[in-house]
Amino acid sequence: MIHSLTGAVELGFMYALMALGVYITYRILDFPDLTVDASFTTGAGIAAVMISHGQAPWLATLAAFGGGLAAGICTGLLHTKGKVNGLLAGIIMMIALYSINIRIMGKPNISLLNTDTLFSGVASHEWHDFRLAYIVVLFAVAIVVKLLLDAFLHTDLGLALRATGDNKRMIRSFGSNTDLTTILGVSLSNGLVALSGALIAQDGGSADISMGIGMIVIGLASVIIGEAMLGPKRVFWATLAVVVGSLAYRIVFALALRAEFLHLKATDLKLITAVIVILALVIPTMSRSAKQKQQAKRRTAELAAGMRGKGAI
Amino acid sequence: MLEIYQVSKLFNPGTADEKIALMDINLKLNEGDFVTVIGSNGAGKSTLMNIISGVMQPDIGDVRIDGQSVASKSESERSRWVGRVFQDPMAGTAPNMTIEENLSMAYARGKPRGFGWAVTGRKRALFKEELKRLGIGLDARLRAKVGLLSGGERQALSLLMSTFTRPGILLLDEHTAALDPARAELITRLTEEIVRSMKLTTLMVTHNMEQAIRLGNRLIMMDKGRIILDIPPERKQDLTVQKLLGEFERISGHKLADDRVVLG
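Quantities reported herein were computed from a predicted structural model and do not represent experimental measurements.

Student: I'd like a rundown of the overall build of chain B, residues and numbers included.
Tutor: The number of helices and strands found in chain B is nine helices and ten strands. Taken against the 2.2 N^0.38 rule, which gives 18 Å for 264 residues, the C-alpha radius of gyration of chain B at 19 Å falls within 12% of a compact globule. In terms of its C-alpha atoms, chain B occupies a principal-axis envelope of roughly 60 × 40 × 35 Å. Out of the 264 residues belonging to chain B, those deemed buried represent 53%. Contacts in chain B between residues at least 24 apart in sequence constitute 68% of all its contacts with a sequence separation of at least 6. Averaging the locations of the 37 positively and 33 negatively charged side chains of chain B gives two centres separated by 6 Å.

Right, here's the structure in full:
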């Protein structure tokens, strides 16, 4: 039980980088980018190929980040310069990347067992203290990336990026080229997603061509769950919420799989994820409109009563 | 300062909906000119603003700022010279960002945006000083999200954001039209103060005749894509709404038709 929970926490921290990427596009740029489903595999594939060819794991991880950046630039260019609808641009790049990923990897599955990865140092030791060290390292990675992203979002360029999603017309009137900021945001997002893919491949000991399928929905689930738990606030809290959301998603999922009376299989993951996202999207909207209706009713009744009292009606 | 030279613009050229938006417009603004623009619906006032700011390109003609043609420059490149306040109070500010962040983006107008901190202690002190000039208490709310402000407060902030970096040209596109009378009056007063104290070269479109007469040193009237009347400073002083309406009818041959026009 504890073992599966520590595993969930580890995964939660690694997938948090992917969720931070989704946060940049979905929340900051208001641009649901589906490239994520394929760029995750791109990152995993680049890292796996380089490591299995004897390159240093850190270099392979860095290259994976670069591969994600490049994929994001393509989607961004397609959307801004090619004026292709955002969803469509993501889908087109997703399909194109599938073939590219196969080319990168050379085969649908690359095993990294018995090769040195970023995590070899930790994995070679026996359970307990070293397991804890593993979690601490992954926690540190997620938090450092989060803090770097926070810092970037408070620079002049970062403000222009945020304003691009908040009020394009305004930031353009102050001299920012919103095409460039959009491309930058989508690129950075996919870089983080690919970085996450590279970590997951090294942790799990393999890269698989289909490992990214459904990643966008998992990313959305993490963002939305985190917001529901911490509330959408300033950048610092918003990105923290994404990390917390990623952790919560993994823990809930691990618990659901352990609960034998539910008879769930690992392949049910995607259905559960979809249901979580649907609930998280639908419930707030419904409760908001119900609340508004109620408030309008109360306020009108108040006003009407006040007027009757004065003899106006 | 600003020269508009033989500018023409057609909408939907070659289709059944073809419409002359601007026809052979020539306009020269001298440094420090404050020009108000009035005209009927579809006279081309907003199109003129959009052509100066680079949102639209003229079909023929040229726009020069400081003697230099800006025809090939995009909207974001022209923002170095041109400050703008829109009619919609929501349009000029980013609602999910704080007051100081919005001001910081305005502060970076026309400069390359890099990895420097957007809000520093020095900038914050400057923003506070500037906000105090508005006199509506925003200087105490630097870290409040702009989305929490009222329409009037947001428009006052927009006005400050587009002026405190001293743009070469200030474009005001019916920027008080969407506000209630009290707030419109506040924004009008602030506009007058800011433009006068900073000596900004300003072009203001308005549907309020009284405002058009009271503000500025020059008044132009547009109709059907043309400038039909250009009233210089010496004649503007003894102008009244009645005289202006009479003048418009005499030249254009029809009554001034604007469903939102306010006579004063």
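Student: Any chance you could break down the pairing of strand β8 (residues 201-205) of chain B for me, citing the residues and the numbers?
Tutor: All names here are of chain B. Counting buried positions over the five residues of β8 gives five, a clear majority of the element. A two-sided burial pattern is seen for β8, the buried positions comprising T201, L203 and V205 on one face and T202 and M204 on the other. Sheet topology places strand β3 (residues 34-39) next to β8; four bridges connect them, and they run parallel. Its bridge partner being in β8, F34 is matched across the sheet by T202. The sheet contact formed by strand β7 (residues 169-173) and β8 spans five bridges and is parallel. Bridged to L171 within β8 is L203. In this region the chain leaves β7, passes through helix α6 (residues 181-198) and returns to the parallel neighbour β8; the handedness of that crossover is right-handed.

Student: Which residues make up the nonpolar core, and what are the values?
Tutor: Note that soluble globular proteins tend to have their nonpolar side chains buried in a common cluster. By size, the foremost hydrophobic cluster in this structure holds 70 residues, and its most contacted members are F13, M18, V22 and F40 of chain A. No other element matches the 14 residues that helix α1 (residues 2-28) of chain A contributes to this core. With near-sequence residues (within four places) excluded, F13 of chain A lies in contact with I135, L138, F139, A142, V243 and L247 of chain A. If you look at the next biggest cluster of nonpolar residues, it comprises 42 residues, including I99, Y107, V146 and L160 of chain B.

Student: Explain helix α10 (residues 215-230) of chain A residue by residue, including any values.
Tutor: Residue and element names in this part refer to chain A. If you check α10, its first and last C-alpha atoms are 22 Å apart, about what 16 residues at 1.5 Å a residue would give, namely 22 Å. The buried fraction of α10 amounts to twelve of the 16 residues, a majority that puts the element mostly inside the structure. Just beyond α10, the residue with positive phi is G231, at close to 80°.

Student: Residues and numbers for the interface of chain A and chain B, please.
Tutor: With 23 residues of chain A at the contact, the number on the chain B side is 34 residues. Summed over both sides, the interface between chain A and chain B buries roughly 2400 Å², with carbon and sulfur atoms accounting for 58% of that surface. Here chain A and chain B share two salt bridges between them. Salt-bridge contacts for E101 of chain B lead to R162 of chain A; the nearest nitrogen and oxygen are separated by 3.0 Å. Across the contact surface, chain A and chain B share eleven residue pairs in polar contact (both at pLDDT 80 or more). Only α6 (129-152), α7 (156-166) and α8 (168-173) of chain A provide two or more residues apiece to the side of chain A that touches chain B. The element contributing the most residues to the side of chain A that touches chain B is α7 of chain A, with seven residues.

Cut-offs used in this document
Residues numbered from 1 in each chain as written. Chains lettered and ligands numbered in written order. Predicted model: local features only at pLDDT ≥ 70, side-chain atom pairs only at ≥ 80, totals over all residues. Heavy atoms only, no water. Helix = DSSP H or I, 4+ residues; strand = E, 2+ residues; numbered from the N terminus. Rg over C-alpha atoms; globule rule 2.2 N^0.38 Å. Buried < 20%, exposed > 50% of the residue type's maximum accessible area, 1.4 Å probe, protein only. Contact = heavy atoms within 4.5 Å. Lys, Arg positive; Asp, Glu negative; His and termini not counted. Charge placed at Lys NZ, Arg CZ, Asp CG, Glu CD. Pairing = 2+ DSSP bridges. Right-handed = clockwise from strand over helix to strand, strands pointing away. Core = buried A, V, L, I, M, F, W, Y, C linked by side-chain atoms within 4.5 Å. Expected span 1.5 Å × (residues − 1). Buried area = accessible area lost by both parts, 1.4 Å probe. Salt bridge = Lys/Arg side-chain N within 4 Å of Asp/Glu carboxyl O. Polar contact = N/O pair within 3.5 Å; in protein donor to acceptor, adjacent residues only side chain to side chain.

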